[in-house]
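Read off the chains here:
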Amino acid sequence: MISGTLTPVHVLSFEDIDAYRLHQILGNAAGRLQNLTVALVRDDAPIPRRDELINGLREYCAVTTFNKVRPNPTCADIMEMFGSSAFRKADVVLAIGGGSVMDSAKALAMLATNGGELEQYLGNQPQRGIVEKSLPLVLIPTTAGTGSEVTKVGVYSSESGRKHTLGSPSMLAHTALLVGSFIDTVPAKLCASTGLDALDHALESIWNKNATDITRRAAEDAAVEVLTWLPKLYQATQNGNADRLTQQKMLQASCMAGIAFSITGTAAGHAISFILSEDWHVPHGMACAFTLMEIFDIAMEDPATRTSLARISGHFHPELKEQGELIATLRGQIASLMREMKIPRTFQELSVELSPDEIPSRFERSFFDPKMHNQKPAISPDRLYALLVGKL
């Protein structure tokens, strides 16, 4: 797996994990086992296995819980947790949760060594820069999609409501633990949303101006793994018979995609998704999937992207030889998966009312997002607005 060579994060994969082993991993990250103090960042999602594990962990070390976390984490919530005197005693930060939990933990670990207010680090001209390595950080995802456990970025909502991406190699985790049992209780709808986020990460890393031969191959591998395991996990979750191996495999696929886009960044689909989440609170994975097929059609105008998409398709359809047929078949495969998962493809299906005249004013700010300018080939405002008008 080429992606494993592209990240400094220690990635460990288990079907399940016990408290003793987790304590050893946390101690290794912190550089000490005796009198270890852990800052646990989590949300209130019902995850029985998490609660059992943390209760067991308390037998080995001190654990203080910080749970002021919501979807699209806010600077205010993070600063409230950071202001706790209990947080300042932590030797290591442990996050168990989805992307919002892990992003919150990244910000807390960064602030612990760099100080200041989180908002001071955000925007195109931030007041502060990240200069010190974060407090040791161990991340355990409870959804298979964000890849946040291996990325150097977090996404944060400022006081104005704008979403900002903050990134630095200093924000990388020491260790990422992919534990199949932690997605035992993920419902089918969330499985679909987060899984398509992982697919979008892989594809946006391919049709990206920062892509190299190595990152492109890693992203192709990730896309193959997502398209292999996401349909199986979604169907099993719907039927109530998901197994730990399938869950573990999908976590690994998401992680592979996270490693790829951590190097290249994401592209136009994510820039557009931020508007959908900011203005209409569309969940992140569904917001990214909203324009996936339209961006796919634009992206395949690039010869290098066409080669990558054909290679992905060839894994599933080795009998096909002609590039155009391979790409068309892959497009149909992805579109069929999205239909099966009932992913909204129009503004009406999102319950968003817009007129054609409102599209430019709503989506103009996506062009101030650096992610938009990673897109290859570039998308002009007129082309984007026409694409979106077609989804009314």
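Before reading on, note that the structure itself is shown above.
Starting afresh in each chain, residues are numbered from 1 along the sequence in its written order. The predicted nature of this model means local features are confined to residues of pLDDT at least 70 and side-chain atom pairs, given and counted, to a pLDDT of 80 or more, with totals for whole chains, interfaces and linings taken over all residues. Side-chain numbers here rest on the full set of heavy atoms in the structure, without hydrogens or water.

## A word on the pairing of strand S4 (residues 92-97)
- Residue exposure (1.4 Å probe, protein chains only): buried if accessible area is under 20% of the type maximum, exposed if over 50%, otherwise partly exposed. Secondary structure elements are taken from DSSP: a helix is a run of H or I of four residues or more, a strand is a run of E of two residues or more, and numbering for both begins at the N terminus. The element S4 is largely enclosed, with a buried count of 6 among its 6 residues.
- Bridge count for strand S2 (residues 37-41) against S4 is 4 bridges, and the pairing is parallel. Each bridged residue has a counterpart across the sheet, and for Val41 the counterpart in S4 is Ala95.
- Strand direction decides the pairing type here: S4 and strand S5 (residues 137-141), joined by 5 bridges, are parallel. Within S5, the position partnered with Gly97 by the bridge is Pro141. We call two strands paired when DSSP finds no fewer than two bridges between them.

## Regarding the nonpolar core
- The biggest cluster of nonpolar side chains holds 112 residues, and the ones touching the most others in it are Leu118, Ile334 and Phe363.
- For this analysis, residues touch if any pair of their heavy atoms sits within 4.5 Å. Excluding its chain neighbours within four sequence positions, the residues that come into contact with Leu118 are Cys75, Ile78, Met79, Ala107, Met110, Leu111, Tyr156 and Leu166.
- Among buried residues, those of type Ala, Val, Leu, Ile, Met, Phe, Trp, Tyr and Cys that are joined through side-chain atoms within 4.5 Å constitute a nonpolar core. Within the second largest apolar cluster, 24 residues are counted, among which are Leu36, Val138, Val179 and Phe182.

## Notes on the sheet that holds strand S8 (residues 175-179)
- Spatial strand order, S1-S8-S5-S4-S2-S3: 6 strands in an open sheet with parallel pairing. Both edges of this open sheet fall to strand S1 (10-14) and strand S3 (62-66), since each of them pairs with a single strand only. Within the sheet, the average angular offset between the axes of one strand and its neighbour, ignoring direction, is 20 degrees.
- Here 5 bridges tie S2 to S3, and the two strands are oriented parallel to one another. Paired with Leu40 across the two strands is Thr65, which belongs to S3. Every angle, taken between N-to-C directions, lies between 0 and 180 degrees, and every axis is a line fitted to C-alpha atoms, over only the stretch in contact when it is a helix.

## As for the pattern of salt bridges
- One speaks of a salt bridge when a side-chain nitrogen belonging to Lys or Arg is within 4 Å of a carboxyl oxygen belonging to Asp or Glu. Scanning all chains against the criterion turns up 21 salt bridges.
- Its salt-bridge partner being Asp16, residue Arg49 comes within 2.9 Å of it at the nearest N-O pair. Linking Arg49 in helix H2 (residues 48-57) with Asp16 in the loop between S1 and helix H1 (19-30), this pair joins segments that are 33 residues apart in sequence.
- Among the salt bridges present, the one from Arg50 reaches Asp43, with a minimum N-O distance of 3.7 Å.
- On the basis of relative accessible area, Arg50 is assigned to the buried category, the value being 1%.
- Several salt bridges converge on common partners, so that one network encompasses Arg162, Glu278, Asp279, Arg362 and Arg365.

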